[in-house]
Amino acid sequence: MREIIIATKNQGKVKEFESLLKPMGFRVQSLLDYPLSIDVEETGTTFEENAILKAEAIAKAYNRVTIADDSGLMIDHLGGKPGIYSARYAGLDKNDEANMEKVLEELAAVEALEDRSARFACALAYSRPGQMTKTVVGTCEGFIAHEPIGENGFGYDPIFIVRDLHKTMAQLSKEEKNKISHRANALKKLIDVITES
Ligand SMILES: O=c1[nH]c(=O)c2ncn([C@@H]3O[C@H](COP(=O)(O)OP(=O)(O)OP(=O)(O)O)[C@@H](O)[C@H]3O)c2[nH]1
Ligand SMILES: [Mg+2]
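First, a word on what this report is: a plain description of the structure on this page. These figures come from a predicted structure and were not determined experimentally.

Rules of the game
Residues numbered from 1 in each chain as written. Chains lettered and ligands numbered in written order. Predicted model: local features only at pLDDT ≥ 70, side-chain atom pairs only at ≥ 80, totals over all residues. Heavy atoms only, no water. Disulfide = S-S within 2.5 Å. Axes fitted to C-alpha atoms, helices over the stretch in contact; angles between N-to-C directions. Helix = DSSP H or I, 4+ residues; strand = E, 2+ residues; numbered from the N terminus. Parallel < 35°, antiparallel > 145°, perpendicular 65-115°, else oblique. Left-handed = near helix turned anticlockwise from the far one by under 90°. Contact = heavy atoms within 4.5 Å. Nonpolar A, V, L, I, M, F, W, Y, C, P; charged D, E, K, R; others polar. Pairing = 2+ DSSP bridges. Buried < 20%, exposed > 50% of the residue type's maximum accessible area, 1.4 Å probe, protein only. Near = heavy atom within 4 Å. Polar contact = N/O pair within 3.5 Å; in protein donor to acceptor, adjacent residues only side chain to side chain. Areas by Shrake-Rupley, 256 points an atom, 1.4 Å probe, with all protein chains shown as cover. 1 Å grid on protein atoms, 1.4 Å probe; cavity = no way out; pocket = protein on both sides within 12 Å on 5 of 7 lines; lining within 4 Å. Sits in = over half its atoms within 2 Å of the grid points.

Remarks on the state of the cysteines
Working step 1: One pass over the structure, following the stated rule, counts zero disulfides.
Working step 2: The cysteine Cys122 is free of any disulfide, with Cys140 supplying the nearest cysteine sulfur at 11 Å.

Overview of the packing of helix 1 (residues 11–21) against helix 5 (residues 182–196)
Working step 1: Axis separation between helix 1 and helix 5 bottoms out at 11 Å; the angle between their running directions is 45 degrees. With respect to each other, helix 1 and helix 5 are oriented oblique. Note that helix 1 runs across helix 5; the crossing there is right-handed. Touching Lys13, Glu16, Phe17, Leu20 and Leu21 of helix 1 are Arg183, Ala184, Leu187 and Ile191, all from helix 5.
Working step 2: Classifying every residue of the contact of helix 1 with helix 5 gives six nonpolar, no polar and three charged.

Details of the environment of Tyr85
Working step 1: Tracing the sequence through the fold places Tyr85 in the loop between strand 3 (66–75) and helix 3 (96–106).
Working step 2: Sequence separation between Tyr85 and Glu42 is 43 residues; the distance between their C-alpha atoms is 9.5 Å.

Brief notes about the pairing of strand 5 (residues 134–144)
Working step 1: As paired elements, strand 4 (residues 117–127) and strand 5 share 10 bridges and run antiparallel to each other. Bridged to Tyr126 within strand 5 is Lys134.
Working step 2: The sheet contact formed by strand 5 and strand 6 (residues 160–162) spans three bridges and is antiparallel. Counted as the bridge partner of Gly142 is Val162 from strand 6.

Overview of unusual backbone geometry
Working step 1: Cis geometry marks the peptide bond from Lys81 to Pro82; its omega dihedral reads 0 degrees.
Working step 2: Not every positive phi belongs to a glycine, and Asn63 is a case in point at roughly 55 degrees.
Working step 3: For Asn63, the position within the fold is in the loop between helix 2 (47–62) and strand 3.
Working step 4: With a phi angle near 55 degrees, His166 is a residue other than glycine that sits in the positive phi range.
Working step 5: Within the secondary structure layout, His166 lies in the loop between strand 6 and strand 7 (167–168).
Working step 6: Judged by relative accessible area, which is 67%, His166 ranks as exposed.

Considerations on the site of ligand 1
Working step 1: Close to ligand 1 lie 21 residues, the nearest being Thr8, Lys13, Phe154, Tyr156 and Asp157.
Working step 2: Separating an oxygen atom of ligand 1 from a backbone N or O atom of Lys9 is a distance of 3.0 Å.
Working step 3: Within the backbone of Ser71, a nitrogen or oxygen atom sits 3.0 Å from an oxygen atom of ligand 1.
Working step 4: Coverage of ligand 1 by the protein amounts to 95% of the 610 Å² it exposes when considered alone.
Working step 5: A molecule is said to occupy a pocket when more than half its atoms come within 2 Å of that pocket's grid points, and by this definition ligand 1 occupies the largest pocket.
Working step 6: If you list the elements that add at least two residues to the shell around ligand 1, you get strand 3 and helix 5.
Working step 7: When residues in the shell around ligand 1 are grouped by element, the largest group, four residues, is from strand 3.
Working step 8: In terms of residue class, the shell around ligand 1 is built from four nonpolar, seven polar and 10 charged.

So far we have only geometry, and geometry alone does not tell us how the molecule works.
Here it is as structure tokens:
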């Protein structure tokens, strides 16, 4: 069975990667299985740069095939913010509730849904020890809701209305989110890259 480390400490991401990759025959581990693992600083200026930093550091440290995910929410009215700062938007403690509240406050004066357009982006970096790292990006288009709706998912899911479904990400089942999410779209591209190599 092919083993892969997902270079993340984000439980929400881990669950999604497990349900996407296990059916394809991968044995998935994450940094949550390595509690003492190194902390890779996200010093890049793009999702891709940060994904590469995380993937290469972990591939080297564990000498294992590694995928890293750097992702976030880009809101048009805010000039693309929170972007690469999505996890730490309202502070370094990475509080999902506080992050959503900050976004809703910043958009409080913007009534019309079409003026609240946004997209999720996910960059994945695939690193094998001693080989060139490969990257892909997936996106998912939508709008920022006026209040949180739904219980599923993580992060900003309760305030992200998926454009083509007219529901928030948090109203979707795990299976539904995994068909249309930025992460699922990026992973589809990555599987093509992996199977070509
Ligand atoms: O509602 C959401 N649904 C998603 O599907 C999603 N994907 C990403 N995000 C947000 O973007 C940050 C990533 O930042 P990020 O890539 O640095 O990850 P992180 O710091 O949480 O963990 P790590 O992978 O770096 O260990 C996350 O924390 C979330 O706030 C999402 N929000
Ligand atoms: Mg991070």
